[in-house]
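Per-entry structural report
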Amino acid sequence: MRREIAISDMRFMINTGAAVSKEEIASKAVSESSTIQIQYAFLTNEDMKKRYEKELTVTDADIDAEISASKVKISDPKTDREKIKKDLEEKKLEKIKNDLTEKINAVASTGGTFGTASAILNGKVSRSAPFKIGESVKTEGKDLKEITAISKSPVFSDKCLALNINAASPVIIAGSGLYIFTPVVKSYKTETPDTEKAEKLRQSLASENTIMITRNLLKEMNEKSKIVKNLKTD
């Protein structure tokens with residue numbers, strides 16, 4: 001009986017925490033009615049290195065100057081100089097990235113077009129698959145793959161709906177290269193859903209919240225739990 005009461009109390013607490021507000025229902029209704037598609041350009045680090053090969057060249061004089069300026073102690077001339085060379089190449093690549101980012105962001109800040117920004121980046125241009133507000137951005141075609149660098153970017157979440165069609169976004173700096181994007185399809189409804197639709201959305205959101213709360217609760221319990229093994233010996 002004590003166990004049943006404890007379970008009942010826990011369910012009550014979870015359901016209370018899973019309550020859904022009118023604002024959540026309204027946001028969900030907008031998301032459900034939405035269709036978004038973006039065009040994006042991506043310049044990989046590898047393509048950048050090939051394109052700016054001359055600018056990235058590090059000479060022996062560059063290495064000597066770095067050793068002198070940084071007062072680096074050389075213990076193994078061959079390996080240490082190679083490491084310094086790679087560090088200088090990375091610094092030069094970072095400068096090229098920063099220069100491209102600055103130029104493109106200047107275009108984006110004045111409401112410039114994606115075409116103008118894309119010409120500066122000069123990367124591969126593609127379109128995403130259509131998606132709803134809140135969903136991840138995926139590549140177009142049969143083999144849908146999430147474009148994590150865009151989906152997880154604060155630049156994307158802040159700018160996607162705010163941008164006009166074909167307006168350039170600021171640069172998204174990813175570990176693999178540089179991205180820019182623009183919305184080419186941006187459709188959603190802001191009308192208040194009717195009573196029946198609102199109730200369905202409320203139930204769906206409450207179910208999602210219940211699952212999330214339960215998972216988080218169990219995760220915390222698992223992380224703080226201990227396993228004690230009482231071994232029997234002869």
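All residue numbers refer to positions counted from 1 along the written sequence of the respective chain. Totals for whole chains, interfaces and linings use all residues, but because this is a predicted model, local features are given only for residues with pLDDT of at least 70 and pairs of side-chain atoms are given and counted only at 80 or more. Excluding hydrogens and water, the side-chain figures rest on all heavy atoms present in the structure.

**Observations concerning the nonpolar core**
Which entries qualify depends on this criterion: As used here, the term nonpolar core means buried Ala, Val, Leu, Ile, Met, Phe, Trp, Tyr and Cys residues forming a set that is joined through side-chain atoms within 4.5 Å. Under the scheme applied here, a residue whose accessible area is under 20% of the maximum for its type counts as buried, over 50% as exposed, and between as partly exposed, the area being computed with a 1.4 Å probe on protein chains only. By the criteria applied, helices consist of DSSP H or I runs no shorter than four residues and strands consist of E runs no shorter than two, each listed in order from the N terminus. The criterion used for residue contact is that any of the two residues' heavy atoms lie within 4.5 Å.
If you look at the biggest cluster of nonpolar residues, it comprises 17 residues, and the most contacted ones within it are Met48, Leu100, Leu121 and Ile180. Of all the elements in the fold, those that place two or more residues in this core are strand S1 (35–44), helix H5 (77–109), helix H6 (114–121) and strand S4 (177–187). Residues contacting Leu121, with those up to four places away along its chain left out, are Ala41, Phe42, Leu43, Arg51, Ile104, Leu178 and Ile180. With 16 residues, the next largest nonpolar core counts Ile38, Phe156, Ala167 and Tyr179 among its residues.

**Some details on the packing of aromatic side chains**
Selection criterion: Aromatic pairing here means that ring centres of Phe, Tyr or Trp (its six-membered ring) are within 6.5 Å. Orientation follows from the plane angle: under 30 degrees is stacked, over 60 is edge-to-face, and everything else is tilted.
All told, the structure shown has 4 aromatic pairs when counted by the stated rule. When the centroid spacing of 6.2 Å and the interplanar angle of 50° are considered together, the rings of Phe131 and Phe156 count as tilted. Placement of Phe131 in the loop between strand S2 (124–127) and helix H7 (148–151) and of Phe156 in helix H8 (residues 154–159) is noted, with a sequence separation of 25 residues between them. Taken as a pair, Phe131 and Phe156 share a single burial class, namely buried.

**Some details on the sheet that holds S4**
For the record, the criterion: Strands qualify as paired when DSSP identifies two bridges or more between them. Each axis is a line fitted through C-alpha atoms, taken for helices only over the stretch in contact, and angles between the N-to-C directions span 0 to 180 degrees.
Reading across the sheet, the 4 strands line up as S2-S1-S4-S3 and stay open at both edges, with antiparallel pairing between neighbours. Here the strands that pair on one side only, and so sit at the sheet edges, are S2 and strand S3 (172–174). For this sheet, the mean inter-axis angle between neighbouring strands, taken without regard to orientation, is 25°. By the bridge criterion, 10 bridges tie S1 to S4 in an arrangement that is antiparallel. When the bridges of S4 are listed, Phe42 appears paired with Tyr179. Along the sheet, H5 contacts S1, S3 and S4; its crossing angle with S4, the most-contacted strand, is approximately 25°.

**Brief notes about the pattern of salt bridges**
Stated formally: Every case where a carboxyl oxygen of Asp or Glu lies within 4 Å of a side-chain nitrogen of Lys or Arg is listed as a salt bridge.
For the structure on display, the rule yields 13 salt bridges. A salt bridge links Asp60 to Arg81, with the nearest nitrogen and oxygen atoms 3.8 Å apart. Taken together, the positions of Asp60 in helix H4 (residues 60–70) and Arg81 in helix H5 put the pair 21 residues apart, joining distant regions of the chain. Relative accessible area serves as the criterion here: at 23%, Arg81 is assigned to the partly exposed category. In this structure, Lys224 engages Glu220 in a salt bridge whose closest nitrogen and oxygen atoms are separated by 3.0 Å.

**Here we look at the environment of Ile133**
Relative to the helices and strands, Ile133 is located in the loop between S2 and H7. Ile133 gets classed as partly exposed once you look at its relative accessible area, which sits at 24%. The spatial distance from the C-alpha of Ile133 to the C-alpha of Glu223 is 33 Å, given a sequence separation of 90 residues.

**Quick word on the side chain of Thr139**
Put simply, the test is: A 3.5 Å cut-off defines polar contacts: any pair of N or O atoms within that distance qualifies, except that in protein one atom must be a possible hydrogen donor and the other a possible acceptor, and neighbouring residues in sequence count only when both atoms are side-chain atoms.
Looking at where Thr139 falls in the secondary structure, it is placed in the loop between S2 and H7. A polar contact of 3.4 Å, which involves the side chain of Thr139, links it to the backbone oxygen of Asp143. Excluding its chain neighbours within four sequence positions, the residues that come into contact with Thr139 are Tyr40, Ala129, Leu144, Lys145 and Ile147.

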